[in-house]
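Read off the chains here:
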Amino acid sequence: MSLKIKIKRWWNHKRNRAVVDSLGVGAELWGRVEKRASGSRIQVGSGSRIDGYVVAETETSKVTIGRNTLIGTDTIVDCVQEIEIGDDVLISYQCILSDSDNHSLDPARRKGDLERWRLGTHDWFDVAKAPIHIKKNAWIGARCIILKGVTIGEGAIVGMGSVVTKDVPAFAIVGGNPARILREPGHGGNG
């Protein structure tokens, strides 16, 4: 690893420590953590590692990351309302977790969003949103997208490149776009 990369990672870790509201022992913040509103909350459990990007968008945003959890490189956790990730969760690289649509579905209301974004006055009021919950021991494969309102059950596996639009049962394996159950809980393995 080059000296330039080491310095950048050290700087990110130092800056991120000041942003996080609660940081467990041994947690590593090599990616980027950002709060776009002073009232938002970000908590990271002991032994966890963030190599991706975690952003809390609003005054009421709450991101909770459990113990011994990995947020992989280039993964984006974009929270408007609530994203809760349990203990011992593995989230691979280049995933997107978004608990909102980010913009109104009504084109007339979207008009002007770019300018409001530039000014830091984006209106989240009429944007559809719902919490995301990822339970302990889940594994999210590379380049997955987890949409608003989804709960990934304990020990579940989401296959690489999946788009998850609805809840995943505990210990199930899902894959595809949209994700569908490939293996029910209790059919081989530990589930």
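Below is a summary of the structure that appears in this document. (Residues numbered from 1 in each chain as written. Predicted model: local features only at pLDDT ≥ 70, side-chain atom pairs only at ≥ 80, totals over all residues. Heavy atoms only, no water.)

What follows concerns the overall build of the chain. Scanning the chain from terminus to terminus reveals three helices and 20 strands. Here the C-alpha radius of gyration of the chain, 17 Å, is about what a compact globule of 191 residues would show, namely 16 Å. Taken over the C-alpha atoms alone, the chain extends approximately 55 × 45 × 30 Å along its principal axes. For the chain, the proportion of its 191 residues judged to be buried stands at 41%. Considering only contacts in the chain between residues 6 or more positions apart, those separated by 24 or more positions represent 19%. Per element, the accessible surface of the chain, about 10,200 Å² overall, is 55% carbon and sulfur. (Helix = DSSP H or I, 4+ residues; strand = E, 2+ residues; numbered from the N terminus. Rg over C-alpha atoms; globule rule 2.2 N^0.38 Å. Buried < 20%, exposed > 50% of the residue type's maximum accessible area, 1.4 Å probe, protein only. Contact = heavy atoms within 4.5 Å. Areas by Shrake-Rupley, 256 points an atom, 1.4 Å probe, with all protein chains shown as cover.)

Another point: the pairing of strand 7 (residues 62-65). Of the pairings in the sheet, the one linking strand 4 (residues 41-44) to strand 7 comprises four bridges and is parallel in character. Across the sheet, the residue bridging to Gln-43 is Thr-64, located in strand 7. Two strands pair when backbone bridges link them, and strand 7 and strand 10 (residues 82-85) are joined in this way by four bridges, in the parallel orientation. Opposite Ile-65, over in strand 10, you have Ile-85 as the bridge partner. (Pairing = 2+ DSSP bridges.)

Before going further, it helps to spend a moment on the pattern of salt bridges. Across all of its chains, the model carries 13 salt bridges by this definition. In this structure, Glu-57 and Arg-36 form a salt bridge, with 2.9 Å as the shortest nitrogen-oxygen distance. Here the residue Glu-57 occupies a position in the loop between strand 6 (53-56) and strand 7, and Arg-36 occupies one in the loop between strand 3 (32-35) and strand 4, the gap between them amounting to 21 residues. The salt bridge partner of Arg-109 is Asp-106, with a shortest N-O separation of 3.9 Å. (Salt bridge = Lys/Arg side-chain N within 4 Å of Asp/Glu carboxyl O.)

For the rest of this paragraph, the subject is the sheet that holds strand 3. Taken together, six strands build an open sheet; the order of strands is 3-6-9-12-15-18 and the sheet is parallel. Every interior strand has two partners, whereas the edge strands, strand 3 and strand 18 (163-164), have only one. Sheet analysis places strand 12 (residues 96-98) next to strand 15 (residues 145-146), joined by two bridges and oriented parallel. Bridging across to strand 15, Leu-97 finds its partner in Ile-146.

Along the chain, the position of Thr-58 falls in the loop between strand 6 and strand 7. For Thr-58, a relative accessible area of 11% puts it in the buried group. A distance of 2.9 Å separates a polar atom in the side chain of Thr-58 from the backbone oxygen of Val-80. Every residue in contact with Thr-58, bar those within four places of it in the chain, is listed here: Ala-37, Ser-40, Cys-79, Val-80 and Trp-124. (Polar contact = N/O pair within 3.5 Å; in protein donor to acceptor, adjacent residues only side chain to side chain.)

That's the geometry; what it means functionally is another story.
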